[in-house]
Amino acid sequence: MSASIISIADHHPHDSIAELLRNQQVQRAFDFIDSSASRFTSEHIRICEIPAPPFKEQERGRYLASRFAELGLSDVHTDSEGNVIGFYRGQSDAPLLVLSAHMDTVFPDDTDVTVRRVGSCLCAPGIADDTAGLAALTGLVQAMNAAPITLRGTIALIATVGEEGEGNLRGVRHLFSEGRLVGRVSAFISFDGSGVNYITNQALGSRRYRVTLEGPGGHSWGDFGVVNPVHALGRAIARMAAYRAPVDPRTTYNIGRIEGGESVNVIPQMASMDVDLRSASETELAKLEEFLLAAINRALEDENALRASSGQKLKSEVKLIGNRPSGETPRAAAIVRAAIEASRTLGINPVLNRASTDSNIPISLGIPAVTIGVGGVSGDSHRLTEWYDPAGRELGYKRALLLALAIVGVV
Ligand SMILES: [Zn+2]
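Draft legend 1. A look at the overall build of the protein. If you tally the helices and strands in the protein, you get twelve helices and 19 strands. Counting over 411 residues, the protein shows a buried share of 55%. As displayed, the protein offers around 17,200 Å² of accessible surface, 50% of which is attributable to carbon and sulfur atoms. Side chains of the protein give 40 positive and 47 negative charges; the mean places of these two sets differ by 2 Å.

Here it is as structure tokens:
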């Protein structure tokens, strides 16, 4: 049989998924998945125990590159940003589907990442987010090898860097702006975390700012009248906090950190804040951002005007520390329909949702993309007590495989 993005777009996806289920290569891959639980779990533990703090994913990257090569992927390499890439080649280079998972965790350098087993659970920081996704990449390659599955198009398996926090999607951003794959990717699937219910087809956009105000400082009594950065920051915060964000499209803001000043009787030299702005709509996000920048300007002007007699003015630095575009892969897109159909076929009740993931970048570029969980159950994400239970993982792997094959096509 053959299936491709075009045939799914033209026909009801159920036909393709149903055809895949009858395909003997797929059945052999499913058998491999069903009989490989302990193999998948060992790999999962192995990956998790290699630390991958923000901006320090190299060691985990080296391991994954060696695994990709061992598993027979072609052209395995690490790009200049640190993404590890390998290809499961089919008869053609198109369609080219990316299957990705992120290597970075939110945990700092000295975090103990030893995996403890408690009953059927695996406990360690990062065990689900996103070691589960990385383990699924290698697991699916093994399942395709075991069948073996001959693809019509090609799958690029990619372990990305910098998905979390200040990583600001730097890995996937590089893939779509400078890497060798620019302009060649037909569809993108990110494996992120556990579960099977959510299909993230909507990208939650955000902008993050660090605002720093500076003045000459002085003595609270002797130098009274000098511009005060804490006062100005307070004015900006008050303006921002009064912003009426729409409920629909959901739009939010948060001043999550403030800092500044030396002592109670000292006019501060510096004050700063970190601001997080988010919206389901790029237009609302732009409005919110404009409001923040205006609030800061206005606060500075007011403080400078009030203390004009001092002859001093505040200086400001407004630094963009995070920028994630929003957008949506339409529900009618072949990749979303195939994800829904693959889920239902396996008895999963899919829910479309919005989140901030590696898919934000391709979605914003109009490349069909979704983020899905790879099965199993987890909790305490981004906490030291994070846990993962592989129960039901085979369902996640099979769903991911069906979706990938529906897009790339089996010969
Ligand atoms: Zn994640």
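What follows continues from the structure just given.
Draft legend 2. Representation of the nonpolar core. In terms of nonpolar packing, the biggest core is built from 74 residues, with Leu99, Ile149, Ile155, Ile189 and Phe191 touching the most fellow members. Per-element accounting of this core gives the leading share, ten residues, to helix α12 (residues 393-408). Excluding residues within four positions of it along the chain, Ile149 makes contact with Gln25, Ala29, Tyr88, Met144, Leu401, Leu405 and Val410. Counting residues in each nonpolar core, the second largest holds 22 residues, with Ala232, Ala271, Ala299 and Leu300 among its members.

Draft legend 3. Geometry of the domain arrangement of the protein. Domain boundaries assigned for the protein yield domain 1 (5-204 + 326-408) and domain 2 (205-324). For domain 1 and domain 2, the distance between their C-alpha centres works out to 40 Å. Buried surface at the junction of domain 1 and domain 2, summed over both partners, amounts to about 950 Å²; 36% is from carbon and sulfur atoms. Of all residues in domain 1, the largest losses of buried area upon contact with domain 2 belong to Asn168, Leu204 and Ser326, amounting jointly to 52% of the total for that side. Linking domain 1 with domain 2 are zero salt bridges, by the criterion used here. For the pair domain 1 and domain 2, the number of links is eight residue pairs in polar contact (both at pLDDT 80 or more).

Draft legend 4. Here's a closer look at the sheet that holds strand β14 (residues 315-324). Read from one edge of the open sheet, four strands run β11-β13-β9-β14, paired in antiparallel fashion. Among the strands making up the open sheet, the edge pair consists of β11 (251-260) and β14. Direction aside, neighbouring strands of the sheet carry axes that sit 15 degrees apart on average. In the packing of helix α8 (residues 229-241) onto the sheet, contacts are made with β9 (205-214), β11 and β13 (270-279), and the angle to β13 comes to roughly 15 degrees. Contacting β9, β11, β13 and β14, helix α9 (residues 282-306) crosses the sheet at an angle of about 160 degrees to β13.

Draft legend 5. Main features of the side chain of Glu163. For Glu163, the location among the structural elements is in the loop between β6 (154-160) and α7 (170-177). For the buried Glu163, which has no salt bridge, the nearest side chain bearing the opposite charge is Arg324, at an N-O separation of 4.3 Å. Discounting residues that sit within four places of it in the chain, Glu163 has contacts with His102, Asp104, Leu169, Asp192, Arg324, Ser356, Thr357 and Asp358.

Draft legend 6. Focus on the coordination of the zinc ion. Protein coordination of the zinc ion is provided by His102 (NE2), Asp129 (OD), Asp192 (OD) and Asp192 (OD), with donor distances spanning 2.0 to 2.6 Å. Around the zinc ion sit four donor atoms, and with donor-metal-donor angles ranging over 52 to 145 degrees the site reads as irregular. As a motif over one chain, the donors of the zinc ion read H-x26-D-x62-D. Taken together, the residues span a long stretch of sequence, with Asp129 in the loop between β5 (121-123) and α6 (131-146) and Asp192 in the loop between β7 (187-191) and β8 (198-203) at a distance of 63 residues. Under the relative-accessibility criterion, Asp129 is labelled buried at 12%. By relative accessible area, which is 18% here, Asp192 ends up buried.

Draft legend 7. Highlighting helix α3 (residues 24-34). Among all positions in α3, only Gln25, Val26, Ala29, Phe30, Phe32 and Ile33 are buried. The buried residues of α3 occupy an angular sector of 155 degrees when the element is viewed end-on, so they sit on one face. Exposed positions of α3 whose direction lies more than 90 degrees from the buried face are Gln24 and Asp31.

Draft legend 8. Seen up close, the sheet that holds strand β18 (residues 377-379). An order of β4-β5-β19-β18 is seen for the four strands of this open sheet, with the pairing classed as antiparallel. Both edges of this open sheet fall to β4 (116-118) and β18, since each of them pairs with a single strand only. Neighbour to neighbour, the strand axes of the sheet diverge by 25 degrees on average, direction disregarded. In this structure, β18 lies alongside strand β19 (residues 387-389), joined through three bridges in antiparallel fashion. Bridged to Gly379 within β19 is Trp387.

Draft legend 9. The arrangement of the packing of aromatic side chains in detail. A full pass over the atoms with the stated rule returns five aromatic pairs. Judged by centre distance (4.8 Å) and plane angle (50 degrees), the ring pair of Phe40 and Tyr397 falls under tilted. Highlighted residues: Phe40 in helix α4 (residues 37-48) and Tyr397 in helix α12, separated in sequence by 357 residues. Of the two residues examined, Phe40 and Tyr397, each falls in the buried class. A ring pair is formed by Tyr243 and Tyr253, whose centres lie 6.0 Å apart and whose planes are at 75 degrees; its orientation type is edge-to-face.

The rules we used
Residues numbered from 1 in each chain as written. Predicted model: local features only at pLDDT ≥ 70, side-chain atom pairs only at ≥ 80, totals over all residues. Heavy atoms only, no water. Helix = DSSP H or I, 4+ residues; strand = E, 2+ residues; numbered from the N terminus. Buried < 20%, exposed > 50% of the residue type's maximum accessible area, 1.4 Å probe, protein only. Areas by Shrake-Rupley, 256 points an atom, 1.4 Å probe, with all protein chains shown as cover. Lys, Arg positive; Asp, Glu negative; His and termini not counted. Charge placed at Lys NZ, Arg CZ, Asp CG, Glu CD. Core = buried A, V, L, I, M, F, W, Y, C linked by side-chain atoms within 4.5 Å. Contact = heavy atoms within 4.5 Å. Domains from an automatic or database assignment. Buried area = accessible area lost by both parts, 1.4 Å probe. Salt bridge = Lys/Arg side-chain N within 4 Å of Asp/Glu carboxyl O. Polar contact = N/O pair within 3.5 Å; in protein donor to acceptor, adjacent residues only side chain to side chain. Pairing = 2+ DSSP bridges. Axes fitted to C-alpha atoms, helices over the stretch in contact; angles between N-to-C directions. Donors = N, O, S within 2.8 Å, 3.2 Å for Na, K, Ca; no water. Tetrahedral: all angles 85-135°; square planar, octahedral: opposite > 155°, others 65-115°. Arc of directions from axis to C-beta. Phe/Tyr/Trp six-rings, centres within 6.5 Å; stacked < 30°, edge-to-face > 60°.

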